[in-house]
Structures are given as structure tokens and as C-alpha cells.
Amino acid sequence: MIVYGIKTCGTVQKALAALTAAGKAPVLRDIRKEPLTEAEIAEFIAAFGEKLINRSSTTWRGLSEAERDAPIESLLRAHPTLMKRPVIRGDSLTLGWDAAAQMAQL
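Please read all numbers here as calculations on a predicted model, not as lab measurements.

**Q** Before we move on, could you go through the pairing of strand β2 (residues 27-30) and cite the residues and values that matter?
**A** Here strand β1 (residues 2-5) runs beside β2; their pairing, made up of 4 bridges, is parallel. From the neighbouring strand, glycine 5 faces β2, where its bridge partner is aspartate 30. The β-α-β motif built from β1, the intervening helix α1 (residues 10-21) and the parallel element β2 has right-handed crossover chirality.

**Q** Quick rundown of α1? Include the residues and the values.
**A** The end-to-end C-alpha distance of α1 is 16 Å, a good match for the 16 Å that 12 residues give at a rise of 1.5 Å each. Val12, Ala15, Leu16 and Leu19 are the residues of α1 that are buried. Seen end-on, α1 carries its buried residues on one side only, within an arc spanning 100°. Across α1 from its buried face, at more than 90 degrees, point the exposed residues Lys14 and Ala21. Once α1 finishes, glycine 23 follows within two positions and takes phi at roughly 90°, a positive value.

Scoring rules and cut-offs
Residues numbered from 1 in each chain as written. Predicted model: local features only at pLDDT ≥ 70, side-chain atom pairs only at ≥ 80, totals over all residues. Heavy atoms only, no water. Pairing = 2+ DSSP bridges. Helix = DSSP H or I, 4+ residues; strand = E, 2+ residues; numbered from the N terminus. Right-handed = clockwise from strand over helix to strand, strands pointing away. Expected span 1.5 Å × (residues − 1). Buried < 20%, exposed > 50% of the residue type's maximum accessible area, 1.4 Å probe, protein only. Arc of directions from axis to C-beta.

Now the structure itself:
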């Protein structure tokens, strides 16, 4: 099980703790240190579309209008922390840590 996110993200920390408590063996893939590959970006966009971009993040708010209009692939390459977190690859691929993601992964 791979948890894509950043180690300082509170939601990622909650997900890791819950998954570990449930007897899973999650591995954090810090997207700052090891950015997503082109294949992963394509897969995540195919699965989640526009939802993959966190438009309430500080990174998003710091972008110019022109930068915000860039394709999702370009945004994630230039600013990995724009990705909504966590993306979890377990029995299924989930985005975020809401009730639906918890049910799918726990």
C-alpha cells in the first residue's frame, strides 16, 4: 500500500495512522522528495480528473491566473504539492481521506 503525499500534511498523517492501526503496512511516498512520474500523473488524472488539484491550498493561492490555466500535468510537474492528498494505492485507488476513502482502504 502506497500513500502519496507529504509527511507534514495532517490529512496524510491521519491516514497513515488509521491504516497502520487497521493492520495495513502503508508506505509514504513523499511527492516533494520523489515527484510523481509521467505515468502516475496520467493515471491519477484519468482516475480523478480536476479533483486531483487542491484549489484551496496555499500553493494554488500563490499562482497567477496564467499559471492556474496550465494543464493539470504541467501544474503537478511544477508544483507537486498542488495534488490533493493523500492518493492511496491499496486495494483500490482513492483520493483524500473522507469516509468513502476510509471505507475503501480500511
